[in-house]
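# Understanding the architecture of this molecule
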Amino acid sequence: MTALFRTVMKSAVLALLFFTFAGVAQAQQQNFTSEPLTIESAAGKSHDFVAELALNNAQREQGLMFRKSMPLENGMLFDFGQERDVAMWMRNTLIPLDMLFIARDGRITHIHENAVPHSEAIISSRGAVKFVLELNGGTAKRYGIKPGDMVRSAQIGNRK
């Protein structure tokens, strides 16, 4: 075999592997339903969002990974089914995120602002929570969202 032929064959095999794995990854992509969600501040201000719902293990594992952008007033609400300590990370997440850790009643207990894309550092809920809301990085600061504020949605079960 000539060197050129080997190079062409190697490229073809690599391309085949790439498209095969890309197809597998695409087939495993989860679909998410969405619902309106409101954050009520202690100061009486309300901020409306549309939240995709991560309700099962596969959806929670995928989360917002590989997304290049997210509309400013969108987010993802992770429902863990029961209150527990939660640990998150940013592996394969391309956009900075604010993570709002939320108790069963919808009260924000902790906020981790501007989680760094691709970081594998563990982000702790710092106590038992039932939900985590991920918003674009900087959203909590922009709207003055703080621990103690209330998140309301049908999924949380406290929609007014």
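Note that the coordinates shown come from a computational prediction; the quantities given were computed from them, not determined experimentally. (Residues numbered from 1 in each chain as written. Predicted model: local features only at pLDDT ≥ 70, side-chain atom pairs only at ≥ 80, totals over all residues. Heavy atoms only, no water.)

## Some details on unusual backbone geometry
The phi dihedral of Phe66 is positive, around 70°, even though this residue is not glycine. With respect to the element layout, Phe66 can be found in the loop between α2 (57-62) and β3 (74-88). Since its relative accessible area comes to 47%, Phe66 is described here as partly exposed. The backbone phi angle of Arg126 is positive, close to 60°, even though this residue is not glycine. Among the secondary structure elements, Arg126 is positioned in strand β6 (residues 123-136). (Helix = DSSP H or I, 4+ residues; strand = E, 2+ residues; numbered from the N terminus. Buried < 20%, exposed > 50% of the residue type's maximum accessible area, 1.4 Å probe, protein only.)

## Let's talk about the side chain of Gln59
Mapped onto the elements, Gln59 comes out in helix α2. Given a relative accessible area of 9%, Gln59 falls into the buried group. Engagement of the side chain of Gln59 in a polar contact is seen with the backbone nitrogen of Leu55, the distance being 2.8 Å. If we skip the residues at most four places from it in the chain, Gln59 touches Gln30, Asn31, Phe32, Leu53 and Ala54. (Polar contact = N/O pair within 3.5 Å; in protein donor to acceptor, adjacent residues only side chain to side chain. Contact = heavy atoms within 4.5 Å.)

Purely geometric numbers; function is a separate question.
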